[in-house]
Amino acid sequence: MTAKPLVADPQATRHGGADRKLVDVAVGILFRPDGAFLLTSRPEGKPYPHYWEFPGGKLEAGETVEQALTRELYEELGIQIGAVTPWKVEMVDYPHALVRLHFCKVFEWSGALEMREAQSFSWERLPVQMRPVLPGTVPVLQWLADEQQFQGATHFVAANAIN
């Protein structure tokens, strides 16, 4: 985790001020056997509508990251996930919330994708084609590029830098 959070839209007012509560969020990076990963669009009525992100949601009281991810992916996508591999943690300071994103890799699930929040989905590879990308998603694309030794992602990541 970075010492300092990424700052999304630094010119925007922070709701709740400097003392706002940190929100923990479980995020799933679902990979198909061919290496493609799932991005979903944010639905209307939420901050950053129509931006693309990895699916997930807030931890409820007493939940582990894995429990929250299992619940959220069922609620949002209608799938039952298998094993969850915790990967990285990143803090992002959005105008609407200060979030700690717990990114997990998921390689197994059952059920067909159902977009239960009227969102869209896309199976992507680097460089991703769907735009705009949620600021908290940008570091993940760089991490994936680093893992895959993918050189073409540098331009995309630089073009979508948030600080």
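Rules used in this analysis
- Residues numbered from 1 in each chain as written.
- Predicted model: local features only at pLDDT ≥ 70, side-chain atom pairs only at ≥ 80, totals over all residues.
- Heavy atoms only, no water.
- Helix = DSSP H or I, 4+ residues; strand = E, 2+ residues; numbered from the N terminus.
- Polar contact = N/O pair within 3.5 Å; in protein donor to acceptor, adjacent residues only side chain to side chain.
- Salt bridge = Lys/Arg side-chain N within 4 Å of Asp/Glu carboxyl O.
- Buried < 20%, exposed > 50% of the residue type's maximum accessible area, 1.4 Å probe, protein only.

**With respect to the side chain of glutamate 72**
Inspection of the secondary structure assignment puts glutamate 72 in helix 1 (residues 65-77). At a separation of 3.0 Å, a polar atom in the side chain of glutamate 72 contacts the side chain of arginine 71.

**A closer look at the pattern of salt bridges**
This model, assessed by the stated rule, comprises 13 salt bridges. Residue arginine 100 pairs with aspartate 24 through a salt bridge whose shortest N-O separation is 2.5 Å. Of the two residues, arginine 100 is situated in strand 8 (residues 98-106) and aspartate 24 in strand 2 (residues 22-30); the sequence distance between them amounts to 76 residues. Residue class for arginine 100 comes out partly exposed when judged on its relative accessible area of 24%. Among the residues examined, aspartate 24 registers a relative accessible area of 21% and is labelled partly exposed. With a shortest N-O distance of 3.3 Å, glutamate 117 and lysine 46 are connected by a salt bridge. One end of the pair, glutamate 117, is in the loop between strand 9 (109-110) and strand 10 (121-124); the other, lysine 46, is in the loop between strand 3 (37-41) and strand 4 (52-53), with 71 residues separating them in the sequence. A residue is classified by how much of its surface remains accessible, and lysine 46, at 33% relative accessible area, is partly exposed. When salt bridges with common partners are traced through the structure, they connect Glu60, Glu63, Arg71, Glu72 and Glu75 into a single cluster.

Interpretation in functional terms is not warranted from these geometric data alone.
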